[in-house]
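As a plain string of letters, each chain reads:
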Amino acid sequence: MILISLLSLLLVTMSGCKKYEKIRIVSATVESVNMKGLRAAEAVLSVRIDNPAGKVVLEDVKGTLKHSGKILGSVTLVPFTLEPRTVSDYKVTAMLELDGSVGLMSLMSFMNVRKLKECTVDISAQGKVAGIKAKKEYKDIPVKRLLEENYYEKI
């Protein structure tokens, strides 16, 4: 859910153009999660995106999850391209990795939604919007706000 909210935030804010602000995620589901050892995983999301605007290339999307300023883990999305003026289905691959200082037992405590809502995320993205390079960065976004419906519309 957090990954989907972050993706929505990026898509809406990559460009100041009003048409690009209308890009929205119609639906999203986690298709698979494959563990890569004890500290990493690969998640594949099936995402339907309505893009009434031009082509958007997301090349370098990274995020960091933090609790009380301490890094818990990071996520990197495999680059993908939104086709122009379509409602299309995309397979978005996310690589998730725990920080070396985080133990598996301490991570389990974040399965409690209340504790997860105390976390913040940093996210950065680089890409091309209508052929023009764009970069966005956000720091210390409260997870609690990301879990609210339509948070990205309030930015």
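None of these values were measured; they are calculated from a predicted model.

### Side note on unusual backbone geometry
Then step 1. Backbone geometry at Ser 68 places phi at a positive 55°, although glycine is not the residue there.
Then step 2. When you line up the elements, Ser 68 lands in the loop between β3 (56-67) and β4 (70-77).
Then step 3. By relative accessible area, which is 71% here, Ser 68 ends up exposed.
Then step 4. The backbone phi angle of Asp 140 is positive, close to 55°, even though this residue is not glycine.
Then step 5. By the element assignment, Asp 140 lies in strand β8 (residues 132-142).

### Details of the pattern of salt bridges
Then step 1. The final tally for this structure, using the stated rule, is 7 salt bridges.
Then step 2. The partner of Lys 91 in a salt bridge is Glu 31, with the nearest N and O atoms 2.6 Å apart. One end of the pair, Lys 91, is in strand β6 (residues 86-98); the other, Glu 31, is in strand β1 (residues 24-35), and 60 residues separate them in sequence.
Then step 3. Residue classification places Glu 31 among the partly exposed residues on the basis of a relative accessible area of 44%.
Then step 4. Measuring nitrogen to oxygen at the nearest pair gives 2.7 Å for the salt bridge that ties Asp 89 to Arg 48. With a gap of 41 residues between them, Asp 89 in strand β6 and Arg 48 in strand β2 (residues 40-51) connect regions that are remote in the sequence.
Then step 5. Residue class for Arg 48 comes out partly exposed when judged on its relative accessible area of 33%.

About the cut-offs
- Residues numbered from 1 in each chain as written.
- Predicted model: local features only at pLDDT ≥ 70, side-chain atom pairs only at ≥ 80, totals over all residues.
- Heavy atoms only, no water.
- Helix = DSSP H or I, 4+ residues; strand = E, 2+ residues; numbered from the N terminus.
- Buried < 20%, exposed > 50% of the residue type's maximum accessible area, 1.4 Å probe, protein only.
- Salt bridge = Lys/Arg side-chain N within 4 Å of Asp/Glu carboxyl O.

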